[in-house]
Amino acid sequence: MEKPYVRFGIIGAGTIADFHAEAIRSVPDARLAAVCDTDAERAAAFARKHGIECHTDLADFLARAPIDAVTVATPTGLHGAVAIPAARAGKHVLCEKPLDVTAEKSQAIIDACKEAGVLLVPVFQYRFGGGAIRLKRAIEAGRFGRLLHLSGRIKWWRSQDYYDSGAWRGTWALDGGGCLMNQSIHTIDLMLHFGGRPEQVFGYTATRTHTGIEVEDCACAVLRFASGAMGVIESSTACAPGFPARIEVSGERGTAALEGDALTEWRFADTDAGDEAILAGIGEKKLGSGASDPKAINVEGHRLQIADMTRAILAGGQPAIDGAEAKIPVELICGIYTSMQTGRPYIFAR
Ligand SMILES: NC(=O)c1ccc[n+]([C@@H]2O[C@H](COP(=O)([O-])OP(=O)(O)OC[C@H]3O[C@@H](n4cnc5c(N)ncnc54)[C@H](O)[C@@H]3O)[C@@H](O)[C@H]2O)c1
């Protein structure tokens, strides 16, 4: 008898969809079965390329395609519009980052999945990098002592052509923001994963080099975590030539730095048996960096996340990243936008 597997359908056959298709293919317990895109030509080309069912109508796709789960890969501001009907149709939801363009819209997806009893898995593939996993474990083991400072530097670059390549890019309604919301959210999610609950954030944003976009291509922000730790975010898609995102975590007993998915600093007052192996692997990158080109990532992070999701569906249990966690970076980024408008810090509800 064939082992059970999870059948995926992809909604939105654009840039990131091919990464999902390849990642699904490389997970033994997952199958790619169908695609749905409102652009008939794109849907047909993607279906032909991957040998799967083709749909252009969401209701028809959800009713007839032989699928257990969907990948939501539409423009961000449409995530809820497709994820909520998918959840109501009983499909598990793998949703690309950001969950949606506001905390309220993100919450609507979380609620729909909960009510339907399906899994909501938000894509944050950099959480699955070896460096991020080791760093999180060291924090949980108390190796930093009290956390003091977390900094995230995301001095990336996107061409004008990138913003011109889709009418939704760089719009408030569909992109939800600029460098912070679309690109730096990966790093901001990691900072929150490491630093815990945020309490306040204050920020500046500006559009410095790109034209025809409504949103920021440069931003900086300071934040305070509930633990008392402080954070700084520098975010851009205007910095040539584009550098790997860097996170530094410092506590009273140690400091570590992550560049892309690789640890580049690992220094503690007290040594640990595993340190030698970590120091030997310093600088080892596996996930690729989108610093200058969104297609320069590799599928490894998506593969690990899809493997984690299929395990949770087939064997039961929770996936590594809970849907509700993905609302927090969206709220933080929207908080920076609010702070820019009001000139005051945005304060999170307790
Ligand atoms: N995890 C990552 O590293 C990563 C990288 C790139 C993009 N993304 C995210 O993936 C999402 C898509 O980004 P992209 O760059 O692939 O966009 P894209 O513009 O290349 O593709 C979006 C596709 O969605 C289709 N679409 C639009 N409305 C639709 C609807 N109602 N139903 C079905 N299909 C619809 C479009 O026709 C298009 O083919 C965004 O949320 C983005 O933030 C994540």
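Model, not experiment: these values are computed from the prediction. (Residues numbered from 1 in each chain as written. Predicted model: local features only at pLDDT ≥ 70, side-chain atom pairs only at ≥ 80, totals over all residues.)

On to the site of the ligand, then. As a structural note, the neighbourhood of the ligand is formed by 26 residues, with Gly12, Gly14, Thr15, Ile16 and Glu96 the closest of them. Across the shell around the ligand, the residue classes break down as 12 nonpolar, nine polar and five charged. (Near = placed C-beta within 6 Å. Nonpolar A, V, L, I, M, F, W, Y, C, P; charged D, E, K, R; others polar.)

On to the sheet that holds strand 5 (residues 92–95). Taken in spatial order, the six strands make up an open sheet running 3-2-1-4-5-6, and their pairing is parallel. Each edge of the open sheet carries a strand with a single partner, namely strand 3 (53–55) and strand 6 (120–122). Here the average twist between neighbouring strands, direction ignored, is 25 degrees. Relative to strand 4 (residues 69–72), strand 1 (residues 6–11) runs parallel, the two sharing four bridges. Paired with glycine 9 across the two strands is valine 70, which belongs to strand 4. Relative to the sheet, helix 4 (residues 79–88) contacts strand 1, strand 4 and strand 5, its axis offset from that of strand 5 by approximately 160 degrees. (Pairing = 2+ DSSP bridges. Helix = DSSP H or I, 4+ residues; strand = E, 2+ residues; numbered from the N terminus. Axes fitted to C-alpha atoms, helices over the stretch in contact; angles between N-to-C directions. Contact = placed C-beta atoms within 7 Å.)

Moving on, we get to the nonpolar core. One finds Val93, Leu94 and Ile333 to be the most contacted residues of the largest nonpolar core, which totals 99 residues. For this core, the element with the highest residue contribution is helix 8 (residues 179–195), accounting for nine residues. Viewed by domain, this core spans two of them, domain 1 (6–122) and domain 2 (128–293 + 329–347), each represented by three or more residues. (Core = buried A, V, L, I, M, F, W, Y, C linked by C-beta atoms within 7 Å. Buried ≥ 20, exposed ≤ 12 C-beta atoms within 10 Å, placed from the backbone. Domains from an automatic or database assignment.)

Within a regular beta strand, the side chains point alternately toward one face of the sheet and then the other, so they alternate between its two faces. With eight bridges joining them, strand 8 (residues 198–206) and strand 9 (residues 218–225) adopt antiparallel strand pairing. The partner of glutamine 200 across the bridge, within strand 9, is arginine 224. As paired elements, strand 9 and strand 10 (residues 230–236) share seven bridges and run antiparallel to each other. Bridge assignment links alanine 221 to a residue of strand 10, and that residue is isoleucine 233. What sits between strand 9 and strand 10 in their antiparallel hairpin is a turn of four residues, with glycine 228 showing a positive phi close to 100 degrees.

Turning our attention to the environment of cysteine 220. Within the secondary structure layout, cysteine 220 lies in strand 9. On the neighbour-count criterion, cysteine 220 (17 C-beta atoms within 10 Å) is partly exposed. For the pair cysteine 220 and leucine 62, spaced 158 residues apart in the sequence, the C-alpha separation amounts to 41 Å.

Once that is clear, we can look at helix 8. At isoleucine 185, helix 8 is bent by approximately 70 degrees, the largest bend along its length. Along helix 8, 17 of the 17 residues are buried, which leaves the element largely enclosed by surrounding structure. Looking one or two residues beyond helix 8, the residue adopting positive phi is glycine 196, at roughly 90 degrees. (Bend = angle between axes of the 7 residues up to and from the residue.)

This brings us to the domain arrangement of the protein chain. Here the protein chain is described as being made up of domain 1 (6–122) and domain 2 (128–293 + 329–347). Here the C-alpha centre of domain 2 lies 27 Å away from the C-alpha centre of domain 1. Across the boundary between the two partners, domain 1 contributes 12 residues, which contact 11 residues of domain 2. Partitioned by chemical class, the residues of the side of domain 1 that touches domain 2 number six nonpolar, four polar and two charged.

Let's shift gears to the pairing of strand 12 (residues 254–259). Counting buried positions along strand 12 yields five of six residues, so the element is predominantly enclosed. Pairing between strand 11 (residues 246–251) and strand 12: six bridges, direction antiparallel. The residue bridging arginine 246 from the neighbouring strand is glutamate 259, located in strand 12. Linking two consecutive strands that pair antiparallel, namely strand 11 and strand 12, is a turn of two residues. As judged from the six bridges shared by strand 12 and strand 13 (residues 262–268), these two strands associate in the antiparallel manner. Within strand 13, the position partnered with alanine 257 by the bridge is glutamate 265. In this structure, the hairpin formed by strand 12 and strand 13 is closed by a connection of two residues, where glycine 260 is found at a positive phi of approximately 60 degrees.

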